[in-house]
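One-letter residues, chain by chain:
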Amino acid sequence: MIEKKKSGAASIADFELDTPAVPSDERNTKVIAIINQKGGVGKSTTAINLSAALGEMGKKVLLVDLDPQGNATSGLGIDKSKIEGESYDLLLSESKAEECLIANVFEGLDVIPSTIDLAGAEVELVNEIARENRLKTGLSTLRGAYDYIFIDCPPSLGLLTINALVAADQLLIPIQCEFYALEGVTKLLDSMKRVKTLLNPGLGIFGVVLTMFDSRTTLSKQVASDVEDFFGSLVFETRIPRTVKLSEAPSYGLPVIQYDPKGKGAKAYSELAEEAMRRG
């Protein structure tokens, strides 16, 4: 169940679906951080498949892998041993964003990959000036070149995630329909509130997506109901089902819309992409 909100803690009212204040020449690009401090909630799966679905629908999309595990990178079939530039280089200001990205990984989709090297970035950035702004600064030259820039965050609230929160206009929060799914959600919102107050006043929530949903179980339905009660209209109507094909697709280096184009997973992410486009 949802934890009770402590006095002074963040609430959904702090993250309404507002339009971030960005310069007029940057309004065509929406930067969205895909975040949840819990692991195994479908962050990388959503990053890969939502990005690919939007690309297939004619949008220009950049996916930034900011997780040292590099699941989004490997899940798109990118050979990490052949990467010449990555998110680590971008954060350490060793390369420009244009030098780090891999173009046309799939239709309409470019990727800034990551490797385990990224794990050292938090330590290396500790004593650097404006360390929380490194990603925002690095991606600034790509504003206007894409319809969407998605940032796949690590399952933690460390410096990498703070960089994503500072760089983003809005947040997409995947929540799995399983026991303890909502554990820690107020802590996550408190972290967002601090970043919004101190570093990124325009930060809002783009939406909440329910993942691993099984309509046959009472538990999934109860979790979905709890999430909708807490987040209200921020919850996407599309629910991502638990399917074998969604789990298999990354091992083949393919988004599910290519691995199993007629399956339930592909249909769900295509519907989520359409819903996301309606939101802006």
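About the thresholds
Residues numbered from 1 in each chain as written. Predicted model: local features only at pLDDT ≥ 70, side-chain atom pairs only at ≥ 80, totals over all residues. Heavy atoms only, no water. Core = buried A, V, L, I, M, F, W, Y, C linked by side-chain atoms within 4.5 Å. Buried < 20%, exposed > 50% of the residue type's maximum accessible area, 1.4 Å probe, protein only. Helix = DSSP H or I, 4+ residues; strand = E, 2+ residues; numbered from the N terminus. Contact = heavy atoms within 4.5 Å. Disulfide = S-S within 2.5 Å. Expected span 1.5 Å × (residues − 1). Phe/Tyr/Trp six-rings, centres within 6.5 Å; stacked < 30°, edge-to-face > 60°. Lys NZ or Arg CZ within 6 Å of the ring centre and 35° of its normal. Pairing = 2+ DSSP bridges. Axes fitted to C-alpha atoms, helices over the stretch in contact; angles between N-to-C directions. Patch = residues over 30% accessible without salt bridge, like charges linked within 9 Å, V, L, I, M, F, W, Y side chains within 5 Å. Areas by Shrake-Rupley, 256 points an atom, 1.4 Å probe, with all protein chains shown as cover. Salt bridge = Lys/Arg side-chain N within 4 Å of Asp/Glu carboxyl O. pLDDT = per-residue confidence, 0-100.

Draft legend 1. Representation of the nonpolar core in the model. Grouped together as the largest cluster of nonpolar side chains are 53 residues, with contacts concentrated most on L91, L135, L139, I151, I173, V227 and F231. Looking at which element gives the most residues to this core, the answer is helix α7 (residues 159-167), with seven residues. Ignoring any residue separated from it by four or fewer positions in sequence, one finds L91 in contact with L66, L118, A121, L125, R134, L135, L160 and N163. Membership of the second largest hydrophobic core comes to 35 residues, among which are I78, V105, F106 and V209.

Draft legend 2. Main features of the state of the cysteines. Here the structure, examined in full by the defined rule, presents zero disulfides. With no disulfide of its own, C100 lies closest to C153 among cysteine sulfurs, the gap being 17 Å.

Draft legend 3. Molecular detail of α7. For α7, a buried count of nine out of nine residues is recorded, marking the element as mostly surrounded by other parts of the structure. Along α7, the residues classified as buried are L159, L160, T161, I162, N163, A164, L165, V166 and A167.

Draft legend 4. Structural view of helix α1 (residues 43-56). Helix length check: α1 (14 residues) gives 20 Å between terminal C-alpha atoms against 20 Å at 1.5 Å per residue, within 8%. The buried fraction of α1 amounts to 12 of the 14 residues, a majority that puts the element mostly inside the structure. Along α1, the residues classified as buried are K43, S44, T46, A47, I48, N49, L50, S51, A52, A53, L54 and G55. Backbone geometry just after α1 places G58 at a positive phi near 100°.

Draft legend 5. Inspection of the environment of G138 at higher detail. Of note, G138 is situated in helix α6 (residues 134-139). A relative accessible area of 14% means that G138 is categorised as buried. Taking the C-alpha atoms as reference points, G138 and V223, 85 residues apart in sequence, are found 38 Å from one another. Residues in contact with G138, not counting those within four places in the same chain, are L90 and A97.

Draft legend 6. Highlighting the packing of aromatic side chains. Overall, the coordinates contain four aromatic pairs when judged by the stated rule. Judged by centre distance (5.0 Å) and plane angle (85°), the ring pair of F230 and F231 falls under edge-to-face. A relative accessible area of 25% means that F230 is categorised as partly exposed. Assessed through its relative accessible area of 3%, F231 is described here as buried. Between the NZ or CZ atom of R239 and the centre of the ring of F213, over which it lies, the distance is 4.9 Å. Here the guanidinium or amino end of R279 rests over the ring plane of F236, the centre of that ring lying 3.8 Å away.

Draft legend 7. Broad picture of the sheet that holds strand β3 (residues 102-106). Spatially, the eight strands line up as an open sheet ordered β3-β4-β2-β5-β1-β6-β7-β8, and their pairing is mixed. Of all the strands in the sheet, just β3 and β8 (235-241) have a single pairing partner and so form its edges. On average, adjacent strands in this sheet sit at an angle of 25° to one another, irrespective of strand direction. Relative to strand β6 (residues 170-176), strand β1 (residues 30-34) runs parallel, the two sharing three bridges. In the strand pairing of β6, A33 is matched with L171. On top of the sheet, α1 reaches β1, β2 (61-65), β4 (109-112), β5 (148-152), β6 and β7 (204-213); it is set at about 165° to β5, its chief contact.

Draft legend 8. Seen up close, a nonpolar patch on the surface. A cluster of nonpolar side chains, F179, Y180 and L219, forms an exposed patch at the surface whose accessible area comes to about 350 Å². Of the residues examined, F179 reaches a relative accessible area of 57% and is grouped as exposed.

Draft legend 9. How the structure looks around the confidence of the model for the protein. Across the protein, the average pLDDT comes to 89, with 90% of residues at or above 70. For the stretch residues 1-7, pLDDT sits under 50, and the model shows 10 contacts to residues farther than four places along the chain or on other chains. Predicted confidence for residues 17-26 stays below pLDDT 50, and this span has 19 contacts to residues more than four positions away or in other chains.

Draft legend 10. View of the environment of P261. With respect to the element layout, P261 can be found in the loop between α11 (256-259) and α12 (264-279). Each C-alpha atom, one on P261 and one on K245, is 10.0 Å from the other, the two residues being 16 residues apart in sequence. Those residues in contact with P261 that lie beyond four places of it in its chain are V256 and A266.

Draft legend 11. A look at the pairing of β2. Among the five residues that make up β2, five are buried, leaving the element largely enclosed by the rest of the structure. Neither face of β2 is open: one carries V61, L63 and D65, the other L62 and V64, and all of them are buried. Sheet topology note: the β2/β4 ladder contains four bridges and is parallel. Looking at β4, one finds that L63 is bridged to V111.

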